[in-house]
Amino acid sequence: MRTETPQPIRLSEYRPPAFLVDEVHLTFELEPSATRVKARLAVRRNGDHKDPLKFNGERLKPVSVAVDGRELAEAEHTIDAEFLTIPDVPDAFTLETEVEIDPKNNKALEGLYMSGGRFCTQCESEGFRKITFWPDRPDVLSRFTVRIEADKAFHRLLANGNLMESGALDGGRHYAVWNDPFPKPCYLFALVAGELDVLEDKLVTMSGRTVDLRIYVDPGMAPRAAYAMDALKRSMKWDEETYGREYDLDLFMIVAVRDFNFGAMENKGLNVFNSSLLLADPATATDLDYERIEAVVAHEYFHNWTGNRITCRDWFQLCLKEGLTVFREQGFCADMRGHAVARIKAVKVLRMRQFSEDQGPLAHAVRPSSYMKIENFYTATIYEKGSEVIGMLKTLIGAEAFRKGMDLYFERWDGHATTVEAFIQCFAEASGKDLTDFFAWYEQAGTPRVSMTGRYDEDRQALELTFTQANPPTTGQETKRPLPIPVTVGLLDPEGRTLAFERDGQAVDETVIVLDGDETTVTLTGVDAPPVVSALRGFSAPVVLKSDAPAKDRYLQLSADPDLFNRWEAGQELAADLILSRAGGRPNEVGEERYADAVGRALVDQASDPAFKALLLALPAETDLALLRSPVDPAAIHDAREKLRERLALHLNGELRHLHTGLQDLGEFSPDAAGAGRRALRNAALDLMAANPRHETADIAFGHYQAAANMTDAIGGLNALMLIGGSLYEEALDDFFDRWKDEPLVIDKWFALQARDPGEEALGRILALTAHPAFDAQNPNRLRALVSTFANFNPSRFHDPSGAGYRFLADQIIAVDRFNPMTAARLVDPLGGWKRLKPELGALMKAELERIVAVEGLSRNVYELATRALA
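Student: Explain the sheet that holds strand S32 (residues 532–535) to me, please; I cannot follow it from the model alone.
Tutor: The strands making up a sheet are joined through hydrogen bonds of the backbone, oriented either antiparallel or parallel. Across the sheet, three strands lie side by side as S30-S27-S32; this open sheet has antiparallel pairing. Each end of this open sheet is capped by a strand with a single partner; those strands are strand S30 (510–515) and S32. Adjacent strand axes in the sheet meet at a mean angle of 35° when their direction is disregarded. In the sheet, strand S27 (residues 485–492) pairs with S32 via four bridges, with the strands oriented antiparallel. Its bridge partner lying in S32, Gly490 is registered against Ser534.

Here it is, written out as structure tokens:
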């Protein structure tokens, strides 16, 4: 905990490790409150220096320290709250240490801790130092052999790699020895011990090897791991087919745990998952749960090559493994669920999480230059924007050169810890292109603003397009250099048909224009009709694009653009303009009716996928709309958005009812994209119907809830009732809790739904829920379900004019920080936007940040983010 002002760690100060550890043998004598950890390390000096040995170690009770078999006296070493230091050591030696740790009372959930009566670990990024003394940094790669001893009540004894031996011990105990033949950094170490059921399967790799697959879960839960197993097998095959990457061990294991700070962890050969991202059946999981399980299982598996076999030299390179793996994950999901729908969903997440990050004081580069606690940089910028940067790289050099670059990267850096520079160099060599300017995407924070103007010359049949870019200042980066921005462009004629054109003498119907300076002008010829420009197709760059095109062009795109992302984008832009105009006191009722007509026509388009129509029906989120105005008045945006929802609900009443009735799923549940799309459209129709003030809407929503044959529809009905309010909502809430009170993951949904309630009494309800017997702030899932959902997804109540929403969040951050700083820090972000709010709200939010910073003993995690938010 903080006793003095923390100092930042800087990329410019990186130095190679003074000592390397080639081999390590660990012995765990597991006891809930007094586990003994014995470590035997083969250590060697790295380079020509005489520095003392200084290994990390926190919250450890030292028992002994020995060098080359000789126990050191107290005068020969020092141990403080953070380090073991031995001033005089040979160039190569064996270090043996023994420590005692207390997993049962480890509520920070880092290192070795207990969850649901089982031992488990979480070591990324700096948890291993809470297990034993170690150079806790990712560029120290070691081969691990691990012996686990425990009472036989802890039936399964699991660690990384391959099982070498196991057997019985005296006193009702047993043991297992695991060996991982691949060198890895300590953050990839994993251990799990406890009573677990297992779902088993096999997969034959492309070279003909058979790999055993095992998913370990709570007793009785194995059937709920079936979809995760299916997703694992599909992701393994996809990685072979798409990137030529084959799994390298004989065994791949996943374990589900109840208490976990992250979503999942890619530990080599032994992934540890938050149970919410592994367990699913139709009765207890929504389609969104299935979708997330598929994505996260793939993501963690893909890390085997992009993160494990090739890892980060230092934590500043975090995007090297996370951004790249998100890119691979998104490619997999697009192939599984449809490219257009997957792309729209990915961009929605990017804008909601990363664009808001870029507009606030917590903005940082994809590869940051400094940090106090690296846990604070597991952000949307690292993950989602990091993925977008790689997508642009592929667009700029082409798919063939991109694959060659990936192959070169795997060949050159397998078994090493490396950097973003080394990664980009592989693509420069593979493509023959100079990518020096492209590297600015990794070094500059902020979201570029791109403006597009067009001038059509009918006589010459030529279209002149001019693009300009602006890169707004962010904290610590007042001036920016231009970025290479790929803008994919197509043209439509006045009837909405694809319009061919020529560029550089070649006939095309789509082209990539690279804006690589402050301004770029391109002339397209052979344009034989006045065009509608469809720019930034597929969201080809993570920018904000503004155009001088009239609204009628966006209506044409909404009805006919063959690029489905831009068709959806046109609808979002039209809706945003109408909502923000009303929020600013300039309602456009004629425009709102025209928009409702256009949405109605899109709904009856038989060629459109139901999942795509569901996305079309959803108006821009209030948080996204807030990014388009400054200062922000959250209440005005909420009221204006509700007005447009009501107009749509009334105007489209017949179409919505027809969809709701006609899409009822009477057959067997399937979590595939087609089934999920139909349910998504039906529930989106009900969600919009909830804005209809007619009294029978509540009865329809209640009937929907009562008739639900799966969790997706149950939550859909409950959500509609929440938006309507009233006695039927309360009755359904009580029924839901009584039905599912013994299912923790389902009760998380019950808490999260109430946290989104926009009703005037919602904050009082949320405060009362913190005292509910089922609420446990020490469980990250439950805390996030209530507190994080409220702060991030209920803007009308979070931004209550009294400041009570800000005060509630600050109270939770302060309380949680006492036992779980990592989770507490992840709650700070919603308080970072105080400068963009209207002054009276901004002052209240700022006061809560100041209150947090003034707390005695505040963790470094929370201190860093709260002080940056105030900067």
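Following the structure, the description resumes.
Student: Looking at this structure, how should I read the sheet that holds strand S15 (residues 173–184)?
Tutor: Ordered in space as S6-S5-S9-S3-S2-S12-S15-S14, the eight strands form an open sheet in which the pairing is mixed. Because the sheet does not close on itself, it has two edges, and the strands there are strand S6 (70–71) and strand S14 (162–169). With ten bridges connecting them, strand S2 (residues 19–29) and strand S3 (residues 35–45) associate as antiparallel partners. Paired with Leu26 across the two strands is Ala39, which belongs to S3.

Student: Whenever I open this one, the side chain of Thr132 confuses me. Can you help?
Tutor: By the secondary structure assignment, Thr132 is in the loop between strand S11 (118–122) and strand S12 (142–151). Excluding residues within four positions of it along the chain, Thr132 makes contact with Leu26, Val37, Ala39, Asn56, Leu60, Thr97 and Val99.

Student: How should the layout of surface pockets be read in this particular structure?
Tutor: A volume near 1,500 Å³ is recorded for the second largest pocket. Forming the walls of the second largest pocket are 49 residues, and the residues nearest its centre are Ile9, Asn56, Glu82, Phe83 and Arg129. Put simply, the parts of the chain that give the lining of the second largest pocket at least two residues each are strand S1 (9–10), strand S4 (53–56), helix H25 (821–825) and helix H27 (860–870). Tallying contributions element by element places S4 first for the lining of the second largest pocket, with four residues. Taken together, the residues of the lining of the second largest pocket break down into 21 nonpolar, six polar and 22 charged.

Student: What is the right way to read empty space enclosed by the protein from this model?
Tutor: Gaps left between atoms are located by rolling a probe of water-molecule size over the structure's atoms. Enumeration according to the criterion identifies two cavities of 30 Å³ or more in this entry. Size it by volume and the largest cavity reaches roughly 40 Å³. Leu558, Gly571, Gln572, Tyr595, Val599, Ala602 and Leu616 are the residues that line the largest cavity. Elements with a contribution of two residues or more to the lining of the largest cavity: helix H10 (564–583) and helix H11 (589–603).

Student: How should I be thinking about the side chain of Gln444 in this particular structure?
Tutor: Inspection of the secondary structure assignment puts Gln444 in the loop between helix H8 (440–443) and strand S25 (449–457). Within the structure, Gln444 has its side chain in polar contact with the backbone nitrogen of Arg481 (distance 2.9 Å). The contact partners of Gln444, leaving out residues within four places of it in the chain, are Ala365, Lys385, Gln477, Lys480, Arg481 and Leu483.

Student: Please explain the pattern of salt bridges as it appears in this structure.
Tutor: Oppositely charged side chains can pair when the atoms bearing their charge come close. Per the counting criterion, the structure on display carries 79 salt bridges. When the shortest N-O distance is used, the salt bridge between Glu266 and Lys321 registers 2.7 Å. Separated by 55 residues along the polypeptide, Glu266 in the loop between strand S20 (264–265) and strand S21 (270–274) and Lys321 in helix H3 (residues 318–337) bring together distant segments of the chain. Judged by its relative accessible area of 2%, Glu266 falls in the buried class. Three or more residues joined by partner-sharing salt bridges are found here, namely Glu58, Glu110, Glu126, Arg129, Lys130, Asp136, Lys373 and Glu375.

Student: How do you make sense of the pairing of S25 when you look at a structure like this?
Tutor: Regular strands show a simple pattern: their side chains alternate between the two faces of the sheet. When S25 meets strand S26 (residues 462–470), the two strands line up antiparallel, connected through nine bridges. Residue pairing in the sheet places Ser451 in a bridge with Thr468 of S26. Counting the residues between successive antiparallel strands, the hairpin from S25 to S26 contains four residues, one of them, Gln461, with a positive phi of roughly 50°. Relative to strand S33 (residues 544–547), S25 is paired through four bridges, and the arrangement is parallel. Residue pairing for S33: Val450 is matched across the bridge by Leu545.

Student: Help me understand the nonpolar core, please; the structure alone is not making it clear to me.
Tutor: Soluble, globular proteins show a tendency: their nonpolar side chains are buried together. In this structure, Phe28, Phe189, Phe423, Tyr442 and Tyr595 are the most contacted members of the largest nonpolar core, which totals 280 residues. The biggest single contributor to this core is H10, with nine residues.

Student: Would you explain unusual backbone geometry in this entry?
Tutor: What is expected of a backbone is that most residues other than glycine have negative phi and most peptide bonds are trans. For the peptide bond that leads from Glu124 to Ser125, omega is 0°, which places it in the cis range. Note that the residue after Ser630, namely Pro631, is joined by a cis bond; omega there is 0°. Within the secondary structure, Pro631 is located in the loop between helix H13 (622–626) and helix H14 (634–651). For Asp504, which is not a glycine, the phi torsion comes out positive at approximately 55°. Within the secondary structure layout, Asp504 lies in the loop between strand S28 (501–503) and strand S29 (506–508). Taking the relative accessible area as the measure of exposure, Asp504 reaches 72% and is therefore exposed.

Student: Which parts of the structure should I look at to understand the packing of helix H18 (residues 711–724) against helix H20 (residues 744–755)?
Tutor: Between two packed helices, both the angle of their axes relative to each other and the distance between the axes serve to describe the pair. Their axes nearest at 11 Å, the elements H18 and H20 cross at an angle of 20°. In terms of orientation, H18 lies roughly parallel with respect to H20. Like other packed secondary-structure pairs, H18 and H20 cross with a definite hand, here right-handed. The segment H18 lies against H20, with Met711, Ile715, Leu718, Asn719 and Met722 engaging Val746, Lys749 and Leu753.

Student: I tried to follow the packing of helix H17 (residues 696–707) against helix H19 (residues 727–740) on my own but got confused; where do I start?
Tutor: As a packed pair, H17 and H19 sit with axes 10 Å apart at the nearest point and diverge in direction by 10°. With respect to H19, the axis of H17 lies roughly parallel. Facing Ala698, Asp699, Phe702 and Tyr705 of H17, the residues of H19 in contact are Leu728, Glu731, Ala732, Asp735, Phe736 and Arg739.

Student: Please explain the packing of aromatic side chains as it appears in this structure.
Tutor: For any pair of aromatic rings, the description rests on two quantities: the centre-to-centre distance and the angle between the ring planes. A complete count under the given rule lists 39 aromatic pairs for this structure. Between Phe737 and Trp750, the ring centres sit 4.7 Å apart and the planes meet at 45°, which makes this aromatic pair tilted. Here Phe737 is found in helix H19, whereas its partner Trp750 is found in helix H20, with 13 residues between them in sequence. Trp750 carries the same exposure label as Phe737, and that label is buried. Aromatic ring contacts, followed pair by pair, group Trp238, Tyr243, Tyr247, Phe252, Tyr301, Phe302 and Phe332 into a single cluster. Over the ring of Phe83 we find Lys54; its NZ or CZ atom is 4.4 Å from the centre of that ring. Residue placement shows Arg313 over the ring face of Tyr14; its charged tip is 3.7 Å from the ring centre.

What counts and what doesn't
- In every chain, residue numbers begin from 1 and rise along the written sequence.
- Since the coordinates come from a predicted model, pLDDT governs what is reported: local features require at least 70, and pairs of side-chain atoms require 80 or more to be given and counted, while whole-chain, interface and lining totals use all residues.
- Heavy atoms throughout the structure, all of them, feed into the side-chain values; hydrogens and water do not.
- What makes two strands pair is DSSP finding at least two bridges between them.
- Secondary structure follows DSSP: runs of H or I at least 4 residues long count as helices, runs of E at least 2 residues long count as strands, and numbering of each begins at the N terminus.
- Note on geometry: axes are C-alpha line fits, over the in-contact stretch for helices, and angles between N-to-C directions span 0 to 180 degrees.
- Pairs of residues are marked as contacts when any of their non-hydrogen atoms sit within 4.5 Å.
- Grid points spaced at 1 Å over the protein atoms alone were grouped into cavities, where a 1.4 Å probe fits but cannot get out, and pockets, open sets with protein on both sides within 12 Å along at least five of seven lines, with lining residues defined by an atom within 4 Å of a point.
- Grid points are joined across faces, edges and corners, and a volume is the space filled by probe spheres set on the points.
- When residues are sorted by character, Ala, Val, Leu, Ile, Met, Phe, Trp, Tyr, Cys and Pro go into the nonpolar class, Asp, Glu, Lys and Arg into the charged class, and all the rest, Gly among them, into the polar class.
- Within 3.5 Å is the distance limit for a polar contact, defined as a pair of N or O atoms, with the added protein rule that one can donate a hydrogen and the other accept it, and that residues adjacent in sequence qualify only through two side-chain atoms.
- A carboxyl oxygen of Asp or Glu within 4 Å of a side-chain nitrogen of Lys or Arg is what we treat as a salt bridge.
- Categorising residues by exposure relies on relative accessible area from a 1.4 Å probe, with only protein chains included: less than 20% of the type maximum marks a residue as buried, more than 50% marks it as exposed, and the intermediate range marks it as partly exposed.
- Among the buried residues, those of types Ala, Val, Leu, Ile, Met, Phe, Trp, Tyr and Cys that are joined through side-chain atoms within 4.5 Å form a nonpolar core.
- Should an angle lie under 35 degrees it is considered roughly parallel, over 145 roughly antiparallel, and from 65 to 115 roughly perpendicular; all remaining angles are considered oblique.
- Two helices that cross are described as forming a left-handed crossing if the nearer one is turned anticlockwise from the farther one by less than a right angle, and a right-handed crossing if clockwise.
- Ring pairs shown here join Phe, Tyr and Trp side chains whose ring centres sit within 6.5 Å, with only the six-membered ring taken for Trp; geometry is labelled stacked below 30 degrees between planes, edge-to-face above 60, and tilted in between.
- Look at NZ for Lys and CZ for Arg. If either is within 6 Å of the ring centre and within 35 degrees of the ring normal, a charge sits over the ring.

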